[in-house]
Amino acid sequence: TNTSHSGGLSINTFNINMILDTGKTLFKNTGRILTAMRGIMPYTEGKYSLLIDKQESSVGTINNDIVTRDISIKSTSKDKKLNQVKVTFVNPYKRWEQDNVIWPASGSSDEATFLAEDNQQVLSKEIDLDTVTSYYQARELARVAVLSSRATSIIVEVTCTSEALQYAVGDVI
């Protein structure tokens, strides 16, 4: 998937550049790959599938006809919400040394908005991506991490009849 950035630059946001360490477990190596491509591998009906994070339309609706118990709605804790992410990556333009990017940029309107919403408290996380060699890809991953942490501020639990089995992990409902 290509993403356009200021100046008309278009980059592949899911490009992976890594040295696969065969000394690490399959699980660890797969996790490294999934992080770089914003993917998950849900296990359903005895099989793993690959889902890549992207904007999607709703695939259906859960209504009162199939809900069997009360719906539980909880707020996520403040430690899950971010207003700043620093991504460390290997930069080929700096002799393959580690570099970093922070999103949102210091002094930006996004930074001011998030800090105002969070009572001026910096809620930061650092991510080390040894699978990324592009400043723009690292910045995009930082942006997505911040925005998704802010979008998932509630958790909804619902018990349904078997009609809900048509939905799977990752579906937008």
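It should be noted that the structure appears before, not after, this text.
Notes on the structure in this doc start here. (Residues numbered from 1 in each chain as written. Predicted model: local features only at pLDDT ≥ 70, side-chain atom pairs only at ≥ 80, totals over all residues. Heavy atoms only, no water.)

1. Some words on the side chain of S149
Summarising the element assignment, S149 is placed in helix α3 (residues 135-151). At 2.8 Å, the side chain of S149 and the backbone oxygen of V146 are in polar contact. Residues contacting S149, with those up to four places away along its chain left out, are K80, K81 and L82. (Helix = DSSP H or I, 4+ residues; strand = E, 2+ residues; numbered from the N terminus. Polar contact = N/O pair within 3.5 Å; in protein donor to acceptor, adjacent residues only side chain to side chain. Contact = heavy atoms within 4.5 Å.)

2. Re the sheet that holds strand β10 (residues 124-128)
Reading across from one edge, β9-β8-β10 is the order of the three strands in this open sheet, with mixed pairing throughout. Edge positions in the sheet fall to β9 (97-103) and β10, since each has one partner strand and no second. For this sheet, the mean angle separating the axes of adjacent strands, direction not counted, is 20°. Examined bridge by bridge, strand β8 (residues 84-91) and β10 share five bridges and lie parallel to one another. The residue of β10 that forms the bridge with V87 is I127. (Pairing = 2+ DSSP bridges. Axes fitted to C-alpha atoms, helices over the stretch in contact; angles between N-to-C directions.)

3. Thoughts on a nonpolar patch on the surface
Together, I71, I73, I154, V156 and V158 make up an exposed nonpolar region whose accessible area comes to about 450 Å². Here V156 is to be found in strand β11 (residues 154-157). (Patch = residues over 30% accessible without salt bridge, like charges linked within 9 Å, V, L, I, M, F, W, Y side chains within 5 Å. Areas by Shrake-Rupley, 256 points an atom, 1.4 Å probe, with all protein chains shown as cover. Salt bridge = Lys/Arg side-chain N within 4 Å of Asp/Glu carboxyl O.)

4. Some thoughts on the nonpolar core
Counting residues in hydrophobic clusters, the biggest one holds 16 residues, and the most contacted among them are V85, V87, I127, L129, V132 and A138. Of all the elements in the fold, those that place two or more residues in this core are β8, β9 and α3. Ranked by residues supplied to this core, first place goes to α3 with five residues. Each residue touching V87, except ones within four places of it in the same chain, is listed here: D99, N100, V101, I127, L129, A138 and A142. (Core = buried A, V, L, I, M, F, W, Y, C linked by side-chain atoms within 4.5 Å. Buried < 20%, exposed > 50% of the residue type's maximum accessible area, 1.4 Å probe, protein only.)

5. What to know about the packing of aromatic side chains
Evaluated as defined, the whole model comprises four aromatic pairs. Seen from their ring centres, W103 and F114 are 6.1 Å apart, and the 55° between their planes marks the pair as tilted. Taken together, the positions of W103 in strand β9 and F114 in helix α2 (residues 109-117) put the pair eleven residues apart, joining distant regions of the chain. Note on accessibility: W103 and F114 belong to one class, buried. Ring centres of Y135 and Y136 lie 5.2 Å apart, and the angle between their planes is 90°; this geometry places the pair in the edge-to-face category. Y136 gets classed as partly exposed once you look at its relative accessible area, which sits at 31%. (Phe/Tyr/Trp six-rings, centres within 6.5 Å; stacked < 30°, edge-to-face > 60°.)

6. Focus on the pairing of β9
Note that β8 and β9 share seven bridges and pair antiparallel. Paired with K86 across the two strands is I102, which belongs to β9. Between β8 and β9, which follow one another and run antiparallel, lie five residues, and R95 among them has a positive phi close to 55°.

7. Digging into unusual backbone geometry
Following W103, the chain continues to P104 via a peptide bond in cis, the omega torsion being 0°. One can find P104 in the loop between β9 and α2. In the Ramachandran plot, E45 falls in the positive-phi region, its phi being about 50° despite a non-glycine side chain. Mapped onto the fold, E45 is located in the loop between β4 (43-44) and β5 (47-48). Judged by its relative accessible area of 80%, E45 is exposed. Residue W96 is not a glycine yet carries a positive backbone phi of 60°.

The values reported here are purely geometric and, on their own, carry no functional implication.
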